[in-house]
Amino acid sequence: MPDVGPDGAVMKVEVAGVCGTDVKIYSSPVIGAPVIMGHENVGVIVEAGARFAERQGLVPGDRVFVEHYVPCMRCDWCRAGEYRHCEATDWRTNPDARRYGYTSADNPHHLWGGFAQYMYLPWNAALHKVPDSVSAELAGLVTPLSNGIEWALVDAGVRYDSTVLIQGPGQQGLSQTVACKQAGATTIIVTGTSRDAARLDLARKLGADHVVDVQRDDPLTAVMDLTGGRGVDVVLDCTSGAGTTPVLLGVDALKRRAGTLVIQGELAAFPDFPVKKLTEKAITIKSARGHSFRSCELALDQLASRRFPLDLLSTHTFGLTEADLAIRTAGGEEADGVIHVSLMPWGQG
Ligand SMILES: [Zn+2]
Ligand SMILES: [Zn+2]
């Protein structure tokens, strides 16, 4: 157990979400040092130094959602609550970056990941107090839901009367569905494959107006039929490992002019990218990159409201000794119908 001193705290980890990023960094680690994985963490503060408690307004017993970014709190991005852009959190450009689940355990206080019973919190951890009415397991959905709010509403501007195509019915696509529905989108179309039948059913329960099995029906024809031939205002790519196909479909499925495409861009290069069509249609491309402080707060409010049956997203939970199985399950290797996978280091509730 780390000695936290006046500036730190220790959190007892209740739930660590497992997502596609874990699948990637488990097979090819981002740094060479030993790392405690787990970047979507919820728990209860069990010990807090005096200055930590004063700065954070949090005391032992408080349940918190921990953003995985550990920001500097001094730069312009941090002042704006955009910790995801702070250089102190960017392992790609800063070898000393701090990010839960990505940081060397050789660093002081060592406990920098949620696949553990306890986690260290410094004074500058980005924390959100979880309302009493939200369980730890439900709070484990803050990460996908805050991404849904950030990408669909902030980045793509989905609002009242928007038409939206969401590609991929995993936890991220389903979270976008909820965010778009809450914002007032009139037509929400979610695509998936035949293997996704159960997840597409859940998309309907969470607010999708139409679902399309792309192996049975041509998705572009379906989108055009469902929008009276106009195409959609916004396309959100929440697929994984689908190559160039979702982006190409997105370009074609967007309305005639000035649509927005949000992409996750796992491809290093994009051969034959249709840049002419993109320009002619005046399409805006935005990059899906995490969430702001405010989007996390909005996600917690959404969970507390119980307006949508978001607990249906939690499909699989595992103990700490089953971390390998949990990651393989999140990667779709072990079962169909997997949506949100959680590690619960102390067992169920
Ligand atoms: Zn994640
Ligand atoms: Zn900063």
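The coordinates are above.
Residues numbered from 1 in each chain as written. Chains lettered and ligands numbered in written order. Predicted model: local features only at pLDDT ≥ 70, side-chain atom pairs only at ≥ 80, totals over all residues. Heavy atoms only, no water.

**Q** Tell me what's going on with the overall build of the protein chain, and back it up with residues and numbers.
**A** Check the secondary structure of the protein chain and you find 12 helices and 13 strands. Dimensions of the protein chain, computed from the C-alpha atoms along their principal axes, are close to 65 × 40 × 35 Å. Taking all 349 residues of the protein chain together, the buried fraction comes to 52%. If you take every contact in the protein chain between residues at least 6 apart in sequence, the share linking residues at least 24 apart comes to 71%. Put simply, the protein chain shows about 15300 Å² of open surface, and 50% of that area lies on carbon and sulfur atoms. (Helix = DSSP H or I, 4+ residues; strand = E, 2+ residues; numbered from the N terminus. Buried < 20%, exposed > 50% of the residue type's maximum accessible area, 1.4 Å probe, protein only. Contact = heavy atoms within 4.5 Å. Areas by Shrake-Rupley, 256 points an atom, 1.4 Å probe, with all protein chains shown as cover.)

**Q** Hey, could you go over the coordination of the zinc ion (ligand 1) for me, with residue numbers and the actual values?
**A** Summarising the metal site, the zinc ion (ligand 1) is bound by the protein donors C19 (SG), H39 (NE2) and E40 (OE), whose distances to it range over 1.9 to 2.2 Å. Going along the chain, you hit the donors of the zinc ion (ligand 1) in the pattern C-x19-H-E. (Donors = N, O, S within 2.8 Å, 3.2 Å for Na, K, Ca; no water.)

**Q** Could you give an account of the nonpolar core, with specific residues and numbers?
**A** Among the nonpolar cores identified, the biggest contains 44 residues, and C180, L236 and L310 are the most heavily contacted of them. Look past the residues within four positions of C180 in its chain and what remains in contact with it is A152, L153, V158, V164, I166, A185, I188 and L236. Formed by 21 residues, the second largest nonpolar core is a distinct cluster that contains V10, V13, W112 and Y120. (Core = buried A, V, L, I, M, F, W, Y, C linked by side-chain atoms within 4.5 Å.)

**Q** Run through helix α6 (residues 171-183), naming residues and quoting values.
**A** With 13 residues, α6 extends 18 Å between its outermost C-alpha atoms, agreeing within 8% with the 18 Å of an ideal straight helix rising 1.5 Å per residue. A large share of α6 lies buried, amounting to 10 of its 13 residues. Those residues of α6 that sit buried are Q171, Q172, G173, L174, S175, Q176, T177, V178, A179 and C180. Of the residues flanking the end of α6, it is G184, one or two places downstream, whose phi is positive at about 105°. (Expected span 1.5 Å × (residues − 1).)

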